[in-house]
Amino acid sequence: MKQVLVNPAMGYYINKDVFGTKGDFITSPEISQMFGELVGIWFVNEWMQIGSPSSIQVVELGPGRGTMADDMLRVFSKFPQMKESVTCHLVEVSPTLADIQQRKLTGSTGSGSISSDTISGPFGSNEPHYYKSCKSKYGPEVFWYRSLSDVPREKVSGFIAHEFFDALPIHKFQKTQHGWREVLVDFDLNKSSLSFVLSPTPTAATVAYLKMCETDERNHIEVSPEAGVVVQELADRIQSEGGFALIADYGHNGDKTDTFRGFKNHKLHDVLVEPGSADLTADVDFSYLTKMAGKNVKTFGPVTQNEFLHNMGIGVRLQMLLQNATLEARKDLISGYKMLTSPDQMGERFKFLAILQHRGQDYNPAGFTSLQ
Ligand code: SAH
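None of these values were measured; they are calculated from a predicted model.

## Considerations on the site of the ligand
In the vicinity of the ligand, 18 residues are found, and the nearest of them are Thr27, Gly62, Gly64, Glu92 and His162. Within the contact set of the ligand, an oxygen atom lies 2.6 Å away from a side-chain nitrogen or oxygen of Glu92.

## Some thoughts on the sheet that holds strand β7 (residues 171-176)
Spatial strand order, β9-β8-β7-β10: four strands in an open sheet with antiparallel pairing. Each edge of the sheet is formed by a strand with only one pairing partner; in this case those strands are β9 (193-198) and β10 (220-223). Strand-to-strand twist in this sheet, taken as the mean axis angle between neighbours without regard to direction, amounts to 30°. The sheet contact formed by β7 and strand β8 (residues 179-188) spans five bridges and is antiparallel. When the bridges of β8 are listed, Lys172 appears paired with Val183.

## A word on helix α6 (residues 95-106)
At 3.6 residues per turn, the α-helix brings residues three or four places apart onto the same side. Taking 1.5 Å of rise per residue, the twelve residues of α6 would be expected to cover 16 Å, and the 16 Å separating its terminal C-alpha atoms lies within 8% of that figure. All buried positions along α6 are accounted for by Leu97, Ala98, Gln101, Gln102 and Leu105. Each buried residue of α6 lies within a common arc of 145° when the element is viewed along its axis, so the set occupies one face. Looking at the buried side of α6, the elements it contacts are α4 (67-76), β2 (86-91), β4 (132-135) and β5 (141-145). Remark: Gly107 follows α6 within two positions and exhibits a positive phi of approximately 80°.

## Thoughts on unusual backbone geometry
Trans is the prevailing form of peptide bonds, just as negative phi is the prevailing case for residues other than glycine. Residues Gly301 and Pro302 are joined by a peptide bond in cis, for which omega reads 5°. Relative to the helices and strands, Pro302 resides in strand β16 (residues 298-304). Residues other than glycine seldom take positive phi values, yet Ser52 does so here, at roughly 45°. Among the structural elements, Ser52 can be located in the loop between α3 (33-49) and β1 (56-61).

## Structural notes on the domain arrangement of the protein
Along its sequence, the protein is carved into domain 1 (2-169 + 224-356) and domain 2 (171-219). Computed from C-alpha coordinates alone, the two centres of domain 1 and domain 2 are separated by 31 Å. The interface is formed by 15 residues belonging to domain 1 together with nine residues belonging to domain 2. Note on domain 1 versus domain 2: buried area summed over both sides is about 950 Å², and carbon and sulfur give 69% of it. Notably, a salt bridge pairs Lys172 with Asp258, separated by 2.7 Å at the nearest N-O pair. At the boundary of domain 1 and domain 2, one finds three residue pairs in polar contact (both at pLDDT 80 or more). Split by residue class, the side of domain 1 that touches domain 2 holds seven nonpolar, three polar and five charged.

## What about the pairing of strand β17 (residues 350-356)?
For β17, the buried fraction is high: seven of the seven residues fall into the buried class. Of the two faces of β17, both are covered, the one formed by Phe350, Phe352, Ala354 and Leu356 as well as the one formed by Lys351, Leu353 and Ile355. With seven bridges connecting them, strand β11 (residues 243-252) and β17 associate as antiparallel partners. Of the residues in β17, the one forming a bridge with Phe244 is Leu356. In this sheet, β17 lies alongside β16 in antiparallel orientation, the contact comprising five bridges. Each bridged residue has a counterpart across the sheet, and for Phe300 the counterpart in β17 is Ala354.

## Side note on the pattern of salt bridges
Considering all chains together, one arrives at 19 salt bridges under this definition. Residues Asp17 and Arg65 are paired through a salt bridge, measuring 3.0 Å at the closest nitrogen-oxygen approach. Taken together, the positions of Asp17 in the loop between α1 (2-6) and α2 (28-31) and Arg65 in the loop between β1 and α4 put the pair 48 residues apart, joining distant regions of the chain. Of the residues examined, Asp17 reaches a relative accessible area of 33% and is grouped as partly exposed. Taking relative accessible area as the criterion, Arg65 reaches 24% and is therefore assigned partly exposed.

## Focus: the packing of α3 against α4
Taken N-terminus to C-terminus, the directions of α3 and α4 make an angle of 50°; their axes are 8 Å apart at the nearest point. Classed by the angle they form, the pair α3 and α4 counts as oblique. As for how α3 packs across α4, the hand of that crossing is right-handed. Contacts from Gln33, Phe35, Gly36, Glu37, Val39, Gly40, Ile41, Phe43 and Val44 of α3 reach α4 at Met68, Asp71, Met72, Arg74, Val75 and Phe76. Looking at the contact of α3 with α4, its residues break down into nine nonpolar, three polar and three charged.

## Remarks on helix α8 (residues 225-241)
Here α8 is 17 residues long and its end C-alpha atoms lie 24 Å apart, about the 24 Å a rise of 1.5 Å per residue gives. Within the span of α8, buried status applies to Pro225, Ala227, Gly228, Val230, Val231, Leu234, Ala235, Arg237 and Ile238. Immediately downstream of α8, the backbone of Gly242 shows phi near 90°, a positive value.

Thresholds, definitions, all that
Residues numbered from 1 in each chain as written. Predicted model: local features only at pLDDT ≥ 70, side-chain atom pairs only at ≥ 80, totals over all residues. Heavy atoms only, no water. Near = heavy atom within 4 Å. Polar contact = N/O pair within 3.5 Å; in protein donor to acceptor, adjacent residues only side chain to side chain. Pairing = 2+ DSSP bridges. Helix = DSSP H or I, 4+ residues; strand = E, 2+ residues; numbered from the N terminus. Axes fitted to C-alpha atoms, helices over the stretch in contact; angles between N-to-C directions. Expected span 1.5 Å × (residues − 1). Buried < 20%, exposed > 50% of the residue type's maximum accessible area, 1.4 Å probe, protein only. Arc of directions from axis to C-beta. Contact = heavy atoms within 4.5 Å. Domains from an automatic or database assignment. Buried area = accessible area lost by both parts, 1.4 Å probe. Salt bridge = Lys/Arg side-chain N within 4 Å of Asp/Glu carboxyl O. Nonpolar A, V, L, I, M, F, W, Y, C, P; charged D, E, K, R; others polar. Parallel < 35°, antiparallel > 145°, perpendicular 65-115°, else oblique. Left-handed = near helix turned anticlockwise from the far one by under 90°.

Rendered as structure tokens:
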């Protein structure tokens, strides 16, 4: 899964823009500006709650086309003190997407090369670990990194990951008469094609990752150790440097089984056919992420996207935007609102999880308190 998605030469995300109606799938920030704006408001609110520190890193994992970062920076620019305090840090492995993000954030429209400070690495211990940087059209500086571990640690950070965790590789395990076995991918020489097989004996991954699932009643489990490592790092940074994280993705609470699938041209695609030509994804196990975040931080949720967006005021924002919109734009706004919030579309399958430092007993982050 990792090689198919992010192999530096041939990975699915590396050389092309895969989003939107012409691509393979569409994501919430691409559906409506309201999504990124409300996430931006959530950040402003949490920044104020921790005393409006004069320097804060906003770190996005897997920014896609940079649309959400752009909507968030636009929101921050309406709050002069926040605007002065923010630097933007994007964790992106794809050079093609990093260029698209840069064009979006600088407002550059040409197709030629765009100017930026580019650093090739490998980085010495005292050098900055970003691979490029620029100034956004809203003012704040933007930096790009290949991995979260490259993002500087000394400052308070607010983290956002939207549809990032579902792209991290999983291990699949199947319960058999002889105990748990890992599902592996084999090459069938007769048919010249890839196929799923069960390991004849427990693999190292089975021994290492299934300990916490010994009493699990499911007969098929997907585990993403890489997701666990990322969430542990987020929790560790939040505990020591302060800040907060918001993780939004489609997922479940440790009750789903076989969710690994491919998408091509907005349709399901067999994951073993023409690997690299389709997106691969697995539902995020929020109960696993919560467990891996540990007890040194506080987690909230997951709440559904419908609940989060309504608690954050999507209804009011929609009304405001409708007031000055053309007929065509009104149609788009309303259909975007429905798509983001309807239970039968993205409203229930997508969920939000927040990670915060321990604070007073009663503190609930915005969006996670039900307004009923
Ligand atoms: N957040 C965006 C894009 C989601 S697609 C949106 O919602 O529209 C996943 C994104 O994560 C892409 O930008 C992809 O290039 C990036 N990505 C995938 N695996 C990654 C990894 N291991 N490290 C860093 N970025 C990764």
